[in-house]
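# Structural features, examined
Chain by chain, the residues run as shown.
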Amino acid sequence: MEMEKNQHISSLDIPVIDLSNPDEELVASAVVKASQEWGIFQVVNHGIPTELILRLQEVGKEFFELPETEKEAVAKPDDSLDIEGYRTKYQKDLEGRNAWVDHLFHRIWPPSRVNHKFWPKNPPEYIEVNEEYASHIKKLSEKIMEWLSEGLGLRHEALKEGLGGETIEYLMKINYYPPCPDPELVVGAPDHTDVNGITLLVANEALGLQAFKDNQWIDAEYTTSGIIVIIGDQFLRMSNGKYKSVEHRAKMDKEKTRISWPVFVESSLDQVFGPLPELITGDENVPKFKPYVYKDYKFRKLKKLLLD
Ligand SMILES: O=C(O)CCC(=O)C(=O)O
Ligand SMILES: [Fe+2]
């Protein structure tokens, strides 16, 4: 039954790809197709133990439920030019809507870029669980990057190398959206594309993630143990537009607190906020990717949101 459900892909469901399928070629082509047509999909039976994902969610939730003064211990310093740290952010988005999310950012890989100053000390298991999750998420994202490289007709290391090989950074973010009795009045995460290469996200049971496809917003259905994969601007650029960086947003829930744990896989912060990495596909037949002006515009919008 489970298999049957996973294999059902209707045009308005975010694709669900079962990674336990022994036919790797089939899995790879499903990943490539979903990245081309959607820019977002969910992987199930991905090999990361459900138990570990539940522990990750538990320690993250426990941190956010601490008193504000304790959370301030890992706050982003006011004068910091980096994004690591805890922040509670109430703002107007560019359409003038209220937007509110508390979040925590910290790198989880490579070890040379990990700054434990921004990792919660409480609950005590936080560090161990996040380290274990980091090693699993690295393996899974490398596998996906291999399939995506092959989908471009390139060596399977190509996208990983293009992002910086062993210097690729893995940035954990926890988004904490409090319940809102009228979710129309306040948005959680405003419309955006991710600026990195690829994002791997897990979320708690309060749904709310939406993706823009065929001129409409589609509710992402997912399970708390499935991993949502989102293609970001760096891969859009590197694939010459073959892979879509999907516009997405997150709504608040009327009653439940919504929490999500995206891990951003990216070249390095400088490159994320600087020029996009160079195109690496050698395919001359692909027309030069045009939406750059549009993307650049979006990019600035996003920067503005982050800097406010
Ligand atoms: O909370 C979500 O599901 C989406 C969060 C998101 O898109 C982001 O943090 O970039
Ligand atoms: Fe995002």
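In the annotation of an unreviewed UniProt entry, the chain is listed under the name Oxoglutarate/iron-dependent dioxygenase and assigned to Arabidopsis thaliana x Arabidopsis arenosa.

Another aspect to go through is the coordination of the iron ion (ligand 2). Each protein donor to the iron ion (ligand 2) is listed here as H192 (NE2), D194 (OD) and H248 (NE2); together their distances run 2.1 to 2.2 Å. Read in sequence order, the donor residues for the iron ion (ligand 2) give the motif H-x1-D-x53-H.

Within the fold, D191 resides in strand β6 (residues 186–192). Classification of D191 as partly exposed rests on a relative accessible area of 25%. Residues D191 and F212 lie 21 residues apart in sequence; the distance between their C-alpha atoms is 8.9 Å. When residues no more than four places from it in sequence are discounted, the contact partners of D191 are R97, W217, E247, H248 and R249.

On to the nonpolar core, then. Core analysis: the biggest nonpolar cluster contains 53 residues, and Y133, I137, I144, L148, I227 and F235 have the highest contact counts within it. With residues near it in sequence (within four places) discarded, Y133 still touches I48, L52, I53, L56, M172, V202, I227 and V263.

Let us look at helix α2 (residues 24–37). A rise of 1.5 Å per residue sets the reference length of α2, with its 14 residues, at 20 Å; its end C-alpha atoms lie 20 Å apart and thus fit the reference within 8%. Taken as a whole, α2 has its buried residues at V27, A28, V31, V32, A34 and S35. All buried residues of α2 project into a common sector of 165° when viewed along the axis, lining one side. Residues of α2 that are buried sit in contact with β1 (16–18), β2 (40–44), α5 (126–151) and β10 (227–231).

Moving on, we get to the site of ligand 1. In the vicinity of ligand 1, 13 residues are found, and the nearest of them are K173, Y177, H248, R258 and S260. Between ligand 1 and S260 there is a distance of 2.6 Å, counted from an oxygen atom to a side-chain nitrogen or oxygen. Surface burial for ligand 1 is 97%, taken as the share of its 290 Å² of free accessible area covered by protein chains. Going through the elements one at a time, β5 (169–177), β11 (248–251) and β12 (258–266) are the ones with two or more residues in the shell around ligand 1. The element contributing the most residues to the shell around ligand 1 is β12, with four residues. Residue composition of the shell around ligand 1, by class: six nonpolar, four polar and three charged.

Note that the residue after W109, namely P110, is joined by a cis bond; omega there is -5°. With an omega dihedral of 5°, the bond running from N122 to P123 counts as a cis peptide bond. Counting through the fold element by element, P123 comes out in the loop between β4 (98–109) and α5. If you check the backbone angles, N45 has positive phi at about 50° while not being a glycine. Note that N45 resides in the loop between β2 and α3 (50–64).

Rules used in this analysis
- Residues numbered from 1 in each chain as written.
- Chains lettered and ligands numbered in written order.
- Predicted model: local features only at pLDDT ≥ 70, side-chain atom pairs only at ≥ 80, totals over all residues.
- Heavy atoms only, no water.
- Donors = N, O, S within 2.8 Å, 3.2 Å for Na, K, Ca; no water.
- Helix = DSSP H or I, 4+ residues; strand = E, 2+ residues; numbered from the N terminus.
- Buried < 20%, exposed > 50% of the residue type's maximum accessible area, 1.4 Å probe, protein only.
- Contact = heavy atoms within 4.5 Å.
- Core = buried A, V, L, I, M, F, W, Y, C linked by side-chain atoms within 4.5 Å.
- Expected span 1.5 Å × (residues − 1).
- Arc of directions from axis to C-beta.
- Near = heavy atom within 4 Å.
- Polar contact = N/O pair within 3.5 Å; in protein donor to acceptor, adjacent residues only side chain to side chain.
- Areas by Shrake-Rupley, 256 points an atom, 1.4 Å probe, with all protein chains shown as cover.
- Nonpolar A, V, L, I, M, F, W, Y, C, P; charged D, E, K, R; others polar.

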